[in-house]
Amino acid sequence: MPERGDPGGRRIRLGAPSRRLRTLLLTLAIIVVVGVAWVLFANFWTEWLWYKSVGYGNVFTTRLWTRLGLFLVFGLLMAAAVGLNMYFAYRLRPAFRGMSMEQQSLDRYRSALAPFRVWILVGLSLIVGVIAGTSASGHWGTWLQFVNGVSFGIKDPQFHKDVSFFAFDLPFYRFLVNFGFVAVVVGLVVAVLTHYLYGGLRVQSPGARATPAAQAHISLLLGLFVLFKAIAYWLDRYSLAVSSGDFKSASQFTGLRYTDANAVLPAKTILFIVALICAVLFFVNVFRRTWALPIIGFGLMVMSAVLIGGLYPFIVERFQVKPNAQSKEAKYIERNIQATRDAYGIADVQSEAYAGSVDTRAVLLDEANGAASIRLLDPNIVGPTFQQLQQLKQFYGFSRTLDVDRYTIDKKTQDTVIALRELNPNGGQSRNWVNDHTKYTHGYGVVAADGNRVTAEGKPEFIVSDITPDGAQSPLGNYEQRIYFGEKTTEYSIVGAPEGTTPTEIDYPDEKLPGGQAVYTYTGDGGVPIGSTFNKLLYATKFADGNILLSDSLNEKSRILYNRTPKERVEAVAPWLTIDGDPYPAVVDGRILWIVDAYTTSNGYPYSTRTTLGDATADSAVRADERRGAVGNTGNVNYIRNSVKATVDAYSGKVTLYQWDEQDPVLKTWMKAFPGTVKKQSAISPALLDHLRYPQDLFKVQREMLTRYHVTDPRTFFNGSDVWKVPQDPTSAKQVGGEQPPYYLSMKIPPAQGQPAETAQSFRLTSAFVPNERQNMAAFLAVNAQPGPDYGKFRLLTLPSTTAINGPEQMQNVFTSNTEVGRVLNLLQVANSQVVYGNLLSLPVGGGMLYVEPVYVRAAAANSYPLMRKVLASYGTAVAFEDTLDKALAVLFAGAPPTIAPDDPNAPPPTTPTPPTTTPSPGTSTPPPATGTPPAQSPSVKAALDDAQKAIQKADAALKSGDFAAYGQAQQELTAAINRAIAAEQSATAAPPAGGASPPPAGGASPPPSP
């Protein structure tokens, strides 16, 4: 290094760091390494502690050892591929390299690298090995399925191999071949570079370009590469059975087509043989050391790939298949239809012709009333209503979208809208570490409402409401009300204390107690003990929160609760399952349990069409709800089963997995891989069984497939002449959009021809279909959603294609375009109140389709909530717009006079409506309000609207002050004022009746005559 003198005569060496600086840098490096190692260890060890706390330590260890084994095996193989090729290339270097400018230039690099040669070899091998091992460890699921695979008992029609070969074996074989390709390519690159550096390969030097040793080495590696290519060609033959086509195209479907079976498959076999021959030529070149034969063989392989693998299938497709595609592809389309229906669990779905005509029997009103328990309380709309009426304290909250379940109240089973009063960390309480993590730790209590009724003010008719102390009997029985684990509970909490310690957790409000709050100490066994200093340090590192280590709120009995949402807990203990996007709560045997549906999926079912779960399960309800997303796995699948029902205890966080589908081979495979994690179906208690239901996300995937695969005739399928789609949700706001969600409903379905009528309603999940390019009704789909002999049984009612029957979007247009409906809606929107449409239910009744839709009104105040005001209903061409469902059905089926004037100018004046006594039906969010110009106001109309305005102002003031009694009184006054305005407006516009005819229903259509 250059040196210079200083004025004192000392010599200073330039460019070299001082000893102090070197020591400082080394110390900092050690600190960084130790810090990173500690963080990695803390995350690893806390994960292990969490798995032990939930009783699934075997899941953690099985996955850990599997990942570690794959990391070591494939990491060492890749490291060996790099190290050995570099080592042998160096050992095979020529003793004499000749004198040339190229070699003289390389001598400088050889000299510079000589002292570090071993370090470079070891270091490069380790780096590449770690990268390869890390990548291989991510395939732990592929390995476990390969070694634990269970037979499906179904053979594919082309190769006659069990489906398990394609689902479990073929993916692992593909992984091995791909790894082999990478290892050989990396080894080849390293060998070529090393041979070039040490003179085994020459680019510019005179004489031979490669030494015999280098030529043999490279020939061996090229032979291995071509051998792996031959294996890949052989596996490509089987991959044709799961090759993906376009779900939207009838000519591009999953599985072998005519060209694949008759051109591509033979071509792959020929290319396999050619590649084997070429590999042998390269291996022979190790001894013969001439490039002529290998180059000829490689050229033959490339030419074969172009002509046989590409051109020949193109000729067959263009000149044989395209002119006769329907007949050529019929056999393969039939395979695709059968495999798809089997893989998605819809093989037994058979279309049943449904008349779609309007019945005129006199008993039709009774039949309509008994056809379904028409749930008027819309769980997608009334979340804010639950929030305002049942929040009680600002630190509680409800999910935006509520859940539907069934409960037996007074010996009668009824559809129930249910929600939990969960902890809301952003509810307005003082935010600090102590409050957030040690005092406000849990929610409290269930809130449930009758799905079929509302109060006179349009509020939910609550079955369980308010907060009751421990031990108080409720209609749902006595149960543990505290909710430590829930969908809104995303922060960690530290709970627990020794006996005799003064409780500090906020429990529930009670004005009789000091401070107006009950306090509590968690006594459950959920969470991880955090009393020791070591565990405090671990979790302070994990959550990057020093308060955990320094706070004196912790004691030897403290436990830390985290991973608290039901979905993430089930995903963690069963990482091989795909989780439904909508866990729902139920009171079971004195506990609040979250019920979580879980699926086994595969992407390797031969001939079955693929779909993307995220797209198939998205609808207007999912898009409008911030808590719901698509199912856990949003990738492509072509096989799905609801194989597991899971529960999460809202108090203890205990996770239990139950085997639901006892025939599913994918679940059996995972149960072999993770023994003891899933309990048998027989372990499900009767009380829990009563609350299980058919899952929505599975139903959405199945209905998506049925839009095409309801067709079982290959020719019709190929023509695409009978393709359906799920209608857009006509009640959804434009900014939300999306398909109409399926609806849970207790109902009876008209019997199939020759079958007895159903004697009782069954809890079902329903959906409508419309033709692909039109909006009229095409079919109605329902699946039995309650456990029992008929669980999972589908009914698919197809309507005649020769008659245009209104679909949901068309029916919504009929509703909102009706003159009198629009007039009333304009009155309901007084003082900028918003009209919100509930979900539009489609129900098969008497050969026709009955549509029912609740109408809500939301006041203009910031904290207002929707209340049900009206019910829209239609059957055939008749339309009713009434205060109650009973009245609407009476107008449609019994000829009762409507309470709104029809479009007919000669209709008689209507009777004055009574205040509403029913509730809204289930549906999605808010569409734009009905348009139209308000009618000219008579003095009586104006007076009524003035009263309505005063009632709204009174309601707003009561809501701001928290006086819900005054708010309810104001709502009653508002309802009465609006009804007076409607009646006055109708009286002012109606003409005297013509003749003595009875008035037709709203919408201008006559009611069906009695026979």
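Because the structure is predicted, anything quoted here is derived from the model rather than measured.

Definitions and limits used
- Residues numbered from 1 in each chain as written.
- Predicted model: local features only at pLDDT ≥ 70, side-chain atom pairs only at ≥ 80, totals over all residues.
- Heavy atoms only, no water.
- Helix = DSSP H or I, 4+ residues; strand = E, 2+ residues; numbered from the N terminus.
- Buried < 20%, exposed > 50% of the residue type's maximum accessible area, 1.4 Å probe, protein only.
- Contact = heavy atoms within 4.5 Å.
- Areas by Shrake-Rupley, 256 points an atom, 1.4 Å probe, with all protein chains shown as cover.
- Core = buried A, V, L, I, M, F, W, Y, C linked by side-chain atoms within 4.5 Å.
- Salt bridge = Lys/Arg side-chain N within 4 Å of Asp/Glu carboxyl O.
- Polar contact = N/O pair within 3.5 Å; in protein donor to acceptor, adjacent residues only side chain to side chain.
- Pairing = 2+ DSSP bridges.
- Axes fitted to C-alpha atoms, helices over the stretch in contact; angles between N-to-C directions.
- Phe/Tyr/Trp six-rings, centres within 6.5 Å; stacked < 30°, edge-to-face > 60°.
- Lys NZ or Arg CZ within 6 Å of the ring centre and 35° of its normal.
- Parallel < 35°, antiparallel > 145°, perpendicular 65-115°, else oblique.
- Left-handed = near helix turned anticlockwise from the far one by under 90°.
- Nonpolar A, V, L, I, M, F, W, Y, C, P; charged D, E, K, R; others polar.
- pLDDT = per-residue confidence, 0-100.

Draft legend 1. Main features of the overall build of the chain. The helix and strand tally for the chain stands at 27 helices and 34 strands. Every one of the 1011 residues in the chain was classed for burial, and the buried ones make up 55%. Considering only intrachain contacts with a sequence separation of at least 6, the fraction spanning at least 24 residues in the chain is 71%. Entry remark: accessible area of the chain is about 43100 Å², with carbon and sulfur atoms responsible for 57%.

Draft legend 2. Layout of the nonpolar core. Of all hydrophobic cores here, the largest spans 148 residues; its most connected members are Val446, Tyr539, Ile548, Leu657 and Tyr694. Residue contributions to this core peak at 13 residues, all from helix 6 (residues 163-197). In this structure Val446 touches Ile418, Ala419, Leu420, Val464, Leu476, Tyr479, Val587 and Ile592, once residues within four positions along its chain are discounted.

Draft legend 3. Geometry of the pattern of salt bridges. The final tally for this structure, using the stated rule, is 20 salt bridges. For the salt bridge of Lys268 with Asp236, the shortest nitrogen-to-oxygen distance reads 3.4 Å. Pair noted here: Lys268 is in helix 8 (residues 258-288) and Asp236 is in helix 7 (residues 212-239), with a separation of 32 residues, a long-range link. Exposure class is identical for Lys268 and Asp236. Each is buried. Between Arg482 and Asp507 there is a salt bridge, with its nearest N and O atoms 2.8 Å apart. You can see Arg482 sitting in strand 12 (residues 482-483) and its partner Asp507 sitting in strand 14 (residues 505-509), a full 25 residues away along the chain. In this structure, Arg482 and Asp507 share a single accessibility class: buried. Residues joined in a network through salt bridges with shared partners are Glu352, Glu758, Arg764 and Arg795.

Draft legend 4. Highlighting the side chain of Ser304. Relative to the assigned elements, Ser304 resides in helix 9 (residues 292-321). Engagement of the side chain of Ser304 in a polar contact is seen with the backbone oxygen of Leu300, the distance being 2.7 Å. Ser304 has contacts with Leu271, Val274 and Gly309, leaving out every residue within four places of it along the chain.

Draft legend 5. View of unusual backbone geometry. Of note in this structure, Lys411 is not a glycine but carries a positive phi near 65°. Following the sequence through the fold, Lys411 ends up in the loop between strand 6 (403-409) and strand 7 (412-420). Take Lys411: its relative accessible area is 84%, and that puts it in the exposed class. A positive phi angle is found at Asn563, which is not glycine, with a value near 50°. Mapped onto the elements of the fold, Asn563 is located in the loop between strand 17 (559-561) and helix 16 (566-573). Classification of Asn563 by relative accessible area gives partly exposed; the value is 29%.

Draft legend 6. The sheet that holds strand 6, seen in detail. In space, the four strands of this open sheet follow the order 6-7-10-11, with antiparallel pairing throughout. Each having just a single partner strand, strand 6 and strand 11 (460-464) make up the two edges of the open sheet. Each strand axis lies, on average, 45° off the axis of its neighbour in the sheet, ignoring direction. Where strand 6 lies against strand 7, seven bridges are found, and the strand directions are antiparallel. From the neighbouring strand, Thr408 faces strand 7, where its bridge partner is Thr413.

Draft legend 7. Looking closely at the sheet that holds strand 17. On the basis of which strands lie adjacent, the open sheet formed by three strands has the order 13-17-16 and antiparallel pairing. Looking along the sheet, the strands with just one partner apiece sit at the ends: strand 13 (493-495) and strand 16 (528-529). In the sheet, strand 13 pairs with strand 17 via three bridges, with the strands oriented antiparallel. The partner of Ile494 across the bridge, within strand 17, is Ile560.

Draft legend 8. Quick look at the pairing of strand 26 (residues 743-747). Here strand 26 lies mainly inside the structure; five of its five residues are buried. In this structure, strand 4 (residues 372-373) lies alongside strand 26, joined through two bridges in antiparallel fashion. Looking at strand 26, one finds that Ser373 is bridged to Ser746. Relative to strand 27 (residues 762-771), strand 26 runs antiparallel, the two being bridged by five bridges. What sits directly across from Met747, in strand 27, is Ser762.

Draft legend 9. Summary view of the packing of aromatic side chains. A full pass over the atoms with the stated rule returns 58 aromatic pairs. When the centroid spacing of 6.1 Å and the interplanar angle of 20° are considered together, the rings of Trp576 and Phe674 count as stacked. Highlighted residues: Trp576 in the loop between helix 16 and strand 18 (578-579) and Phe674 in the loop between helix 19 (665-673) and helix 20 (686-689), separated in sequence by 98 residues. Both residues of the pair, Trp576 and Phe674, count as buried. Ring centres of Trp660 and Tyr791 lie 5.3 Å apart, and the angle between their planes is 85°; on these two criteria the pair is classed as edge-to-face. Of this pair, Trp660 sits in the loop between strand 24 (655-659) and helix 19 while Tyr791 sits in the loop between strand 28 (779-784) and strand 29 (794-798); the two residues are 131 residues apart in sequence, bridging distant segments of the chain. Above the ring of Phe319, the side-chain terminus of Arg318 is found at 5.5 Å from the ring centroid. It is Lys870 that lies over the ring of Phe881; its NZ or CZ is 5.7 Å from the centre.

Draft legend 10. Seen up close, the packing of helix 6 against helix 7. Closest axis-to-axis distance for the helix 6/helix 7 pair is 10 Å, and the angle between their directions is 160°. Viewed along their axes, helix 6 and helix 7 adopt a mutual orientation that is roughly antiparallel. The two elements helix 6 and helix 7 cross, and the hand of that crossing is left-handed. Considering only residue class, the contact of helix 6 with helix 7 consists of 22 nonpolar, five polar and three charged.

Draft legend 11. The confidence of the model for the chain, seen in detail. When pLDDT is averaged across the chain, the result is 85; 86% of the residues are at 70 or more. Every residue in residues 1-5 scores below 50 in pLDDT, and together they form 15 contacts with partners more than four places removed in sequence or on other chains.

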